[in-house]
Amino acid sequence: KHFSLWYVGVAFRLNAAMPVAQEINQALTGEWDIGLFETPVKAPMQFCYGCCCSCCMTVQQRCEILDVTGEPYVCCGGLFPCGPLGSPQDRNCVVLETCCCPGLALGANR
C-alpha cells in the first residue's frame, strides 16, 4: 500500500508498510496508552510540552525511539533516501532536522 503525504505543496509517495524489527512489532498492540482527545486531561504536562515546545518534544521523542529500536539516526526517518539523507548520520543532526523541517521530523517519529 502507498499513500501520499502533502508537505509544502509537494506530494511524496511513501510506503505505508515501513520495516520494523520483529521483536518490536510483536510488542506493539496498535493501541495508544492515552487517546488523542484524553491527552489534555490524563497527561497535561506532556500535552503542554508538545504544544509549547514542539521542536524540543520532537527531538526528545526521536531520541527515545532510536534508543528503543536500536537503529542509527537517519534524516527524516529515511523518508528521503537520496544522497547523504539516506545514510546514517550523527545523532545530533536530529536537532537541525527538527528546526528546519518540523512536520517531516514529527512524521518520521510516527
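Just so it is clear, the structure is predicted and the values come from calculations on it, not from any experiment.

**Describing the pattern of salt bridges**
All chains considered together, the criterion is met by 3 salt bridges. Of the charged contacts in the structure, one is a salt bridge between Lys42 and Glu38, with a shortest N-O distance of 3.7 Å. Its relative accessible area of 35% is what places Glu38 among the partly exposed residues. Here Glu97 and Arg62 are joined by a salt bridge, their closest N and O atoms 2.8 Å apart. Placement of the pair is Glu97 in helix H5 (residues 93-100) and Arg62 in helix H4 (residues 54-69), with a sequence separation of 35 residues.

**Overview of helix H6 (residues 102-109)**
Here H6 has its buried residues at Leu104, Ala105 and Asn109. Looking down the long axis of H6, one finds its buried residues gathered within 145° of arc, a one-sided arrangement.

**Description of the environment of Thr98**
Within the element layout of this structure, Thr98 appears in helix H5. Overall, the relative accessible area of 1% leaves Thr98 in the buried class. Residues contacting Thr98, with those up to four places away along its chain left out, are Cys55, Thr58, Val59 and Ala105. Looking at Thr98, its side chain comes within polar contact range of the main-chain oxygen of Val94, at 2.7 Å.

**Let's talk about the nonpolar core**
Residues Val59, Leu66, Tyr73, Cys75, Cys76, Leu79, Phe80, Val94 and Leu104 constitute the largest nonpolar core, which totals 9 residues. When near neighbours in sequence (up to four residues on either side) are disregarded, Val59 contacts Val94, Val95 and Thr98.

**Observations regarding the side chain of Arg62**
Of the residues examined, Arg62 reaches a relative accessible area of 4% and is grouped as buried. Among all residues touching Arg62, those that are not within four sequence positions of it are Tyr73, Val74, Cys76, Gly77, Val94, Glu97, Ala105, Ala108 and Asn109.

**Overview of the packing of helix H3 (residues 44-52) against H4**
One way to put it is that H3 packs onto H4 with a least axis distance of 5 Å and a crossing angle of 115°. Relative to H4, the element H3 lies roughly perpendicular. Residues Tyr49, Gly50 and Cys52 of H3 lie in contact with H4, whose contacting residues are Ser54, Cys56, Met57 and Gln60. Its residues assigned to classes, the contact of H3 with H4 comprises 4 nonpolar, 3 polar and no charged.

**Some words on the state of the cysteines**
Counted by the stated rule, this structure contains 0 disulfides. Distance from the sulfur of Cys52, which forms no disulfide, to the nearest cysteine sulfur (Cys48) is 5.7 Å. For Cys52, a relative accessible area of 66% translates into the label exposed. Cysteine Cys99 is unpaired, with the sulfur of Cys55 as its nearest cysteine sulfur at 4.9 Å. A relative accessible area of 52% means that Cys99 is categorised as exposed.

Analysis parameters
- Residues numbered from 1 in each chain as written.
- Predicted model: local features only at pLDDT ≥ 70, side-chain atom pairs only at ≥ 80, totals over all residues.
- Heavy atoms only, no water.
- Salt bridge = Lys/Arg side-chain N within 4 Å of Asp/Glu carboxyl O.
- Buried < 20%, exposed > 50% of the residue type's maximum accessible area, 1.4 Å probe, protein only.
- Helix = DSSP H or I, 4+ residues; strand = E, 2+ residues; numbered from the N terminus.
- Arc of directions from axis to C-beta.
- Contact = heavy atoms within 4.5 Å.
- Polar contact = N/O pair within 3.5 Å; in protein donor to acceptor, adjacent residues only side chain to side chain.
- Core = buried A, V, L, I, M, F, W, Y, C linked by side-chain atoms within 4.5 Å.
- Axes fitted to C-alpha atoms, helices over the stretch in contact; angles between N-to-C directions.
- Parallel < 35°, antiparallel > 145°, perpendicular 65-115°, else oblique.
- Nonpolar A, V, L, I, M, F, W, Y, C, P; charged D, E, K, R; others polar.
- Disulfide = S-S within 2.5 Å.

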